[in-house]
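Inside the fold
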Amino acid sequence: MIFITAKFRVRPEHADRWPEITADFTRATRAEPGCLWFDWSRSVAEPTEYVLVEAFRDDEAGAAHVQSAHFKAAQQTLPPHLVETPRIVNATIPQDDWALLGEMAVPGQE
């Protein structure tokens, strides 16, 4: 799978509305057949920073995502709400889902 994490520094006046601002893009991306997950989190330390954790089945699914109409629309509509260009980590890994964090295993659960 393609595993992507991106940090978005949102303008302070838009930070509380970021989930609403990205709602159509998020909904459309989650509906893509090759999207495994697409989840936003807000930083506890920096309330104007959102972290996007996303994964796509394979290279074809990733390519379909960046060529989609909703991605192209987001390229136009999201940047005016940002302080800077988002930062990204993008890796292809040999998994298709989350693995268990054995070092934090909950007793009695497998």
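Overview of the structure.

Calculation rules
- Residues numbered from 1 in each chain as written.
- Predicted model: local features only at pLDDT ≥ 70, side-chain atom pairs only at ≥ 80, totals over all residues.
- Heavy atoms only, no water.
- Pairing = 2+ DSSP bridges.
- Helix = DSSP H or I, 4+ residues; strand = E, 2+ residues; numbered from the N terminus.
- Axes fitted to C-alpha atoms, helices over the stretch in contact; angles between N-to-C directions.
- Contact = heavy atoms within 4.5 Å.
- Buried < 20%, exposed > 50% of the residue type's maximum accessible area, 1.4 Å probe, protein only.
- Lys, Arg positive; Asp, Glu negative; His and termini not counted.
- Salt bridge = Lys/Arg side-chain N within 4 Å of Asp/Glu carboxyl O.
- Phe/Tyr/Trp six-rings, centres within 6.5 Å; stacked < 30°, edge-to-face > 60°.

A word on the sheet that holds strand E1 (residues 2-9). Reading across from one edge, E2-E3-E1-E4 is the order of the four strands in this open sheet, with antiparallel pairing throughout. In this open sheet, the two edge strands, each paired with only one partner strand, are strand E2 (35-42) and strand E4 (87-92). Recorded for the sheet is a direction-independent mean angle of 10° between the axes of neighbouring strands. Relative to strand E3 (residues 49-56), E2 runs antiparallel, the two being bridged by seven bridges. In the sheet register, Arg 42 faces E3, and the bridge partner there is Tyr 50. This element, helix H2 (residues 23-30), spans E2 and E3 of the sheet and lies at about 155° to E2. Sheet strands in contact with helix H3 (residues 59-67) are E1, E2, E3 and E4, and its direction is about 130° off that of E3.

A few words on the environment of Ala 64. Its place among the elements puts Ala 64 in helix H3. The spacing of Ala 64 and Glu 32 is 32 residues in sequence and 8.5 Å in space, taken between C-alpha atoms.

Our next topic: the side chain of Glu 32. Within the secondary structure layout, Glu 32 lies in the loop between H2 and E2. No salt bridge is formed by the buried Glu 32; the nearest opposite charge belongs to Arg 57, separated by 8.8 Å.

Now for the packing of aromatic side chains. Within the structure shown, the criterion is met by ten aromatic pairs. Seen in terms of ring centroids, Phe 3 and Trp 37 are 6.4 Å apart; in terms of plane orientation they differ by 70°. Their pairing is edge-to-face. In this pair, Phe 3 is assigned in strand E1 and Trp 37 in strand E2, connecting sequence segments 34 residues apart. Residues Phe 38 and Trp 40 carry aromatic rings whose centres are separated by 6.2 Å and whose planes lie at 90° to one another, so their mutual orientation is edge-to-face. We note that Phe 38, like Trp 40, is buried. Among the aromatic residues, those joined into a cluster by ring pairs are Phe 8, Trp 18, Phe 25, Phe 38, Trp 40, Tyr 50 and Phe 71.

Interpretation note: all reported values are geometric properties and have no functional meaning in isolation.
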